[in-house]
Amino acid sequence: MTKLNNVTCTDYLYEHRALVHDKLATVSREINTRARRHDQSSLSGTELRIYKEHFDELQKYPIFDPRRDIVLSKMRVAIAYHHEANDHHPEHFTNGIDDMNLLQLMEFVADVMSQSEQNGIDVYEILPLLKDQYDISNQLYQVILNTVAEIKRLGR
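Since the structure is predicted, the reported quantities are computational estimates derived from the model, not experimental observations.

What counts, and where the lines are drawn
- The written sequence of each chain sets the order in which its residues are numbered from 1.
- Local features are withheld for residues below a pLDDT of 70 in this predicted model, meaning they are given only at 70 or higher, and side-chain atom pairs are given and counted only at 80 or more; totals for whole chains, interfaces and linings count all residues.
- Think of the side-chain values as coming from all heavy atoms in the structure, minus any hydrogens and water.
- Between rings of Phe, Tyr and Trp, where Trp is taken as its six-membered ring, a pair exists when centres lie within 6.5 Å; planes separated by under 30 degrees are stacked, by over 60 edge-to-face, and by other angles tilted.
- Helix numbers and strand numbers start at the N terminus; a helix is a DSSP run of H or I with at least 4 residues, a strand a run of E with at least 2.
- A 1.4 Å probe rolled over the protein chains alone gives each residue an accessible area, and that area as a share of the maximum for its type sets the label: buried under 20%, exposed over 50%, partly exposed in between.
- Look at NZ for Lys and CZ for Arg. If either is within 6 Å of the ring centre and within 35 degrees of the ring normal, a charge sits over the ring.
- Along the arc lie the directions from the helix axis toward the C-beta atoms.
- We call two residues contacting when some pair of their heavy atoms lies within 4.5 Å.
- The definition of a polar contact used here is a pair of N or O atoms within 3.5 Å, where within protein one atom must be able to donate a hydrogen and the other to accept one, and adjacent residues in sequence count solely through side-chain atom pairs.
- For our purposes a nonpolar core is just a set of buried Ala, Val, Leu, Ile, Met, Phe, Trp, Tyr and Cys residues, chained together by side-chain atoms within 4.5 Å.
- A patch consists of residues exposed above 30% relative accessible area that lack any salt bridge, with like charges linked at up to 9 Å and nonpolar side chains (Val, Leu, Ile, Met, Phe, Trp, Tyr) linked at up to 5 Å.
- Surface accessibility follows the Shrake-Rupley procedure with a 1.4 Å probe radius. Residue values consider only the protein chains on display as shielding.
- One side-chain nitrogen of Lys or Arg within 4 Å of one carboxyl oxygen of Asp or Glu is enough to make a salt bridge.
- The angle between two axes is taken between their N-to-C directions and runs from 0 to 180 degrees, where each axis is a line fitted to C-alpha atoms and a helix contributes only its stretch in contact.
- Angle categories: roughly parallel below 35 degrees, roughly antiparallel above 145, roughly perpendicular from 65 to 115, and oblique for all the rest.
- Helix crossings get a hand from a simple test, with the near helix turned counterclockwise from the far one by less than a right angle marking a left-handed crossing and a clockwise turn marking a right-handed one.
- The nonpolar class holds Ala, Val, Leu, Ile, Met, Phe, Trp, Tyr, Cys and Pro. Asp, Glu, Lys and Arg form the charged class, and all remaining residues, Gly among them, are polar.

Here's the deal with the packing of aromatic side chains
Step number 1: If you walk through the whole model with that rule in mind, you get one aromatic pair.
Step number 2: Taking 5.8 Å as the distance between ring centres and 80° as the angle between the ring planes, the aromatic pair formed by Phe108 and Tyr134 counts as edge-to-face. Taken together, the residues span a long stretch of sequence, with Phe108 in helix α5 (residues 102-118) and Tyr134 in the loop between α6 (123-133) and α7 (138-153) at a distance of 26 residues.
Step number 3: The class for Phe108 is buried, based on a relative accessible area of 5%.
Step number 4: Judged by its relative accessible area of 17%, Tyr134 falls in the buried class.
Step number 5: Residue placement shows Lys131 over the ring face of Tyr141; its charged tip is 5.6 Å from the ring centre.

Structure below.
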């Protein structure tokens, strides 16, 4: 038996709007929490020590330079810990991006956009590489492209 007995159309629509509002408010709270907590693991302990140790050398090379990869390999302990501690990285999961939810994916997209901005690289240059690296499906890749475009349109 459905719950629709003795419910007017208008009541149903108002209830529907209220339920959608509640779900989106939950998402909004979680996104705000993720924004506040983003990469906190990088700010202390072994992770921070290793980052500080290699930061100057890392800054010498552009993001696509193979010499940068050599520096990153020296940081593998910190990077592995970072991925383990932060679920917006596909490496956090056994099945990579396939195990992520949309909230984690939103933080991932924001992270990629921010890294691109900090390194002076167009995010649209990095996204195809990530598509290959993480074996992102064409459909999800298009959703990511649409999301990046919308964030840029909104001025963030």
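Comments concerning helix α4 (residues 76-85)
Step number 1: Among the residues of α4, those classed as buried are Ala78, His82 and His83. Down the axis of α4, the smallest arc covering the buried residues is 135°, so these residues share one side. Seen from the buried face of α4, the exposed residues on the opposite side, beyond 90 degrees, are Arg76, Val77 and Glu84.
Step number 2: Residues of α4 that are buried sit in contact with α2 (45-59).

Topic: the environment of His38
Step number 1: Mapped onto the elements of the fold, His38 is located in the loop between α1 (9-37) and α2.
Step number 2: Sequence separation of His38 and Glu150 is 112 residues, and the distance between their C-alpha atoms is 21 Å.
Step number 3: Look past the residues within four positions of His38 in its chain and what remains in contact with it is His88, Glu107 and Asp111.
Step number 4: Polar side-chain contacts of His38 include one of 2.6 Å to the side chain of Glu107.
Step number 5: A polar contact of 3.4 Å, which involves the side chain of His38, links it to the side chain of Asp111.

A few points about the side chain of Asn86
Step number 1: In this fold, Asn86 is placed in the loop between α4 and α5.
Step number 2: Of the polar contacts made by the side chain of Asn86, one reaches the backbone oxygen of His82; its length is 2.8 Å.
Step number 3: Setting aside its immediate chain neighbours within four residues, Asn86 contacts Asp39, Ser41 and His92.

Things to note about the nonpolar core
Step number 1: Grouped together as the largest cluster of nonpolar side chains are 20 residues, with contacts concentrated most on Phe108, Val109, Val112, Leu127, Leu130, Ile144 and Val148.
Step number 2: Mapped by element, the contributors of at least two residues to this core are α5, α6 and α7.
Step number 3: Beyond its immediate sequence surroundings of up to four residues, Leu127 is in contact with Val112, Tyr141, Ile144, Leu145 and Val148.
Step number 4: Residues Ile50, Tyr51, Val71 and Ala78 belong to the second largest nonpolar core, which totals seven residues.

Overview of a nonpolar patch on the surface
Step number 1: Judged by side-chain polarity, Val7, Tyr12 and Leu13 come together as a nonpolar surface patch covering roughly 260 Å² of accessible area.
Step number 2: Here Leu13 lies in helix α1.

Things to note about the packing of α5 against α6
Packed helix pairs are specified by the crossing angle of their axes together with the interaxial distance, meaning the distance between the axes.
Step number 1: At a minimum axis separation of 9 Å, α5 and α6 run at an interaxial angle of 130°. Taken together, the axis directions place α5 and α6 in an arrangement best described as oblique. Viewed along their axes, α5 and α6 form a crossing whose handedness is right-handed. Every residue of α6 that contacts α5 at Phe108, Val112, Met113 and Ser116 is listed here: Val123, Ile126, Leu127 and Leu130.
Step number 2: Class assignment of the residues belonging to the contact of α5 with α6 gives a composition of seven nonpolar, one polar and no charged.

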